[in-house]
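Architecture and fold: a report
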There are 2 protein chains.
Amino acid sequence: MPEQPEATGHRPAPVHTHPDDVALLTALSALADPVRIQLIRELASQPDWTLSCSNFDVPVGRAAKSHHFTVLRGAGLVEQRDQGPKRLNRLRREEFDARFPGLLDLTLRADDLG
Amino acid sequence: MPEQPEATGHRPAPVHTHPDDVALLTALSALADPVRIQLIRELASQPDWTLSCSNFDVPVGRAAKSHHFTVLRGAGLVEQRDQGPKRLNRLRREEFDARFPGLLDLTLRADDLG
DNA sequence: CGGACTGTATGATGGCCATCGAACATTGGG
DNA sequence: CCCAATGTTCGATGGCCATCATACAGTCCG
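Owing to the predicted nature of the structure, the values given are computational and were not obtained by experimental measurement.

About the thresholds
- Residues numbered from 1 in each chain as written.
- Chains lettered and ligands numbered in written order.
- Predicted model: local features only at pLDDT ≥ 70, side-chain atom pairs only at ≥ 80, totals over all residues.
- Heavy atoms only, no water.
- Pairing = 2+ DSSP bridges.
- Helix = DSSP H or I, 4+ residues; strand = E, 2+ residues; numbered from the N terminus.
- Least-squares fit on C-alpha atoms with pLDDT ≥ 70 in both.
- UniProt positions renumbered as here; feature names shortened; annotations may be inferred.
- pLDDT = per-residue confidence, 0-100.
- Contact = heavy atoms within 4.5 Å.
- Buried area = accessible area lost by both parts, 1.4 Å probe.
- Salt bridge = Lys/Arg side-chain N within 4 Å of Asp/Glu carboxyl O.
- Polar contact = N/O pair within 3.5 Å; in protein donor to acceptor, adjacent residues only side chain to side chain.
- Nonpolar A, V, L, I, M, F, W, Y, C, P; charged D, E, K, R; others polar.
- Buried < 20%, exposed > 50% of the residue type's maximum accessible area, 1.4 Å probe, protein only.
- Near = heavy atom within 4 Å.
- Axes fitted to C-alpha atoms, helices over the stretch in contact; angles between N-to-C directions.

To continue, consider the pairing of strand S2 (residues 78-83) of chain A. Residue and element names in this part refer to chain A. Note: S2 against strand S3 (residues 86-91), 6 bridges, orientation antiparallel. Across the sheet, Asp 82 pairs through a bridge with Arg 87, a residue of S3. Hairpin geometry of S2 and S3 is characterised by an intervening segment of 2 residues between the two adjacent antiparallel strands and by a positive phi of about 65 degrees at Gly 84.

This part covers the relation of the copies chain A and chain B. One copy of the chain maps onto the other through a rotation about an axis followed by a shift along the same axis. Superposing chain A onto chain B takes a rotation of 180 degrees plus a shift of 0.0 Å along the axis, which leaves an RMSD of 0.1 Å. Within this description, the copies of the chain are treated as partners about a two-fold rotation axis.

Let us look at the UniProt feature "domain: HTH arsR-type" (unreviewed entry) in chain A. What UniProt calls "domain: HTH arsR-type" (unreviewed entry) maps, in this numbering, to residues 16-111 of chain A. Secondary structure content for residues 16-111 of chain A is 47% helix and 15% strand, while the C-alpha to C-alpha distance between its ends is 30 Å.

With 91% of its residues at a pLDDT of at least 70, chain A reaches an overall mean of 92. Below a pLDDT of 50 lies the segment residues 1-5 of chain A, which in the model reaches 0 contacts outside its immediate sequence neighbourhood of four places, other chains included.

Quick look at the interface of chain A and chain B now. Interfaces are often sized by the amount of accessible area the parts lose when they come together. Listed per partner, the contact involves 25 residues of chain A and 25 residues of chain B. It is Leu24(A), Leu25(A) and Leu106(A) in chain A that bury the most area against chain B; as a group they hold 28% of the surface buried on that side. Put simply, chain A and chain B have 0 salt bridges between them. Across the chain A-chain B interface, the total number found is 2 residue pairs in polar contact (both at pLDDT 80 or more). Listing elements by their share of the side of chain A that touches chain B, those giving two or more residues are helix H1 (24-31), helix H2 (34-44) and helix H5 (103-108) of chain A. Looking at the side of chain A that touches chain B residue by residue, the classes come out as 14 nonpolar, 3 polar and 8 charged.

Before going further, it helps to spend a moment on the pairing of strand S3 (residues 86-91) of chain B. Residues and elements named next belong to chain B. Summarising burial for S3: 5 of the 6 residues are buried, a large majority. Of the pairings in the sheet, the one linking strand S1 (residues 51-52) to S3 comprises 2 bridges and is antiparallel in character. Each bridged residue has a counterpart across the sheet, and for Leu 51 the counterpart in S3 is Asn 89.

In the vicinity of DNA strand D there are 24 residues, among which Ser66(A), Arg87(A), Gly9(B), Gly61(B) and His68(B) approach most closely. Near-protein atoms of DNA strand D (within 4 Å) split between backbone and bases, with sugar and phosphate holding 82%. Ser54(A) is positioned such that a nitrogen or oxygen atom in its backbone is 2.8 Å from a phosphate oxygen of DNA strand D. Looking at the surface near DNA strand D, the elements that each hand over two or more residues are helix H3 (62-74) and S3 of chain A together with helix H2 (34-44) and helix H3 (62-74) of chain B. Residue contributions to the surface near DNA strand D peak at 5 residues, all from H3(B). Of the residues belonging to the surface near DNA strand D, the class tally is 8 nonpolar, 9 polar and 7 charged.

Next up on the list: H2(A). Listed in full, the buried residues belonging to H2(A) are Val35(A), Arg36(A), Ile37(A), Leu39(A), Ile40(A) and Leu43(A). The opening residue of H2(A) is Asp33(A), an N-cap whose side-chain oxygen sits 2.8 Å from the backbone nitrogen of Val35(A).

All names here are of chain B. Pairing within the open sheet is antiparallel, and its 3 strands lie in the order S1-S3-S2. Lying at the two open borders of the sheet, with one neighbouring strand each, are S1 and strand S2 (78-83). Each of S1, S2 and S3 touches H2; the most contacted strand, S3, lies at about 85 degrees to it. On the sheet, H3 packs against S2 and S3 and is oriented at approximately 120 degrees with respect to S2.

Take a look at the structure:
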């Protein structure tokens, strides 16, 4: 292939990891962060594919937020789809629960002290 | 009180936290460590009160091991009782499972990749 | 008593990770 | 075509945590 087609204008699709390919330690580490727990809970409170990253109300800047979503994708917790300039999100409830039964439910339960 | 009674010779009993008083983030952080996962699994593989700290086969020194047990106590995962120079351990299965249903089972399941 | 064993405390060290600011890329709209 | 909005990437920074070596304390036994 001689030269690249001058970049089609496509943005690289986000890299996903299926929960089945996620190690227990990876999942626990991903959930052991207050910002990410908040992201997951906010995500669970709205229908799938309705929230773009900027819609989440967490006390960190855009860069950190982007990093957290990368971690959540890598742990099989979140799926992302590009739509226009936005990146819509979906919580992978069934798939993650099949791999780590009960873990997501625990995270979504609000009756905790932390 | 003028001077200390020259130390009675008692060792301070280990400080415990009941799982009900443990925050979700504390529990997840405690479990998000490979050495502590290994300790918990080894502990689960033997009857209660049969393993002293030095019996665990983890690739860290005594100081680090002692630190890990402190973390596990603080997360409501382990109970300790002094017997002679040894400190015997017990996994708080029922209590922890009542507070965080399924989390301990997940940790003990060996079918993970990490 | 004295020594072996067990565990804790302390200080130092190194590494990992969350965060930020700034620069950049993509998209869509005026 | 320019601009605003959205996200990512990069380098730097700071803090937290796991680890170690060392020193210390308690327990038991000979």
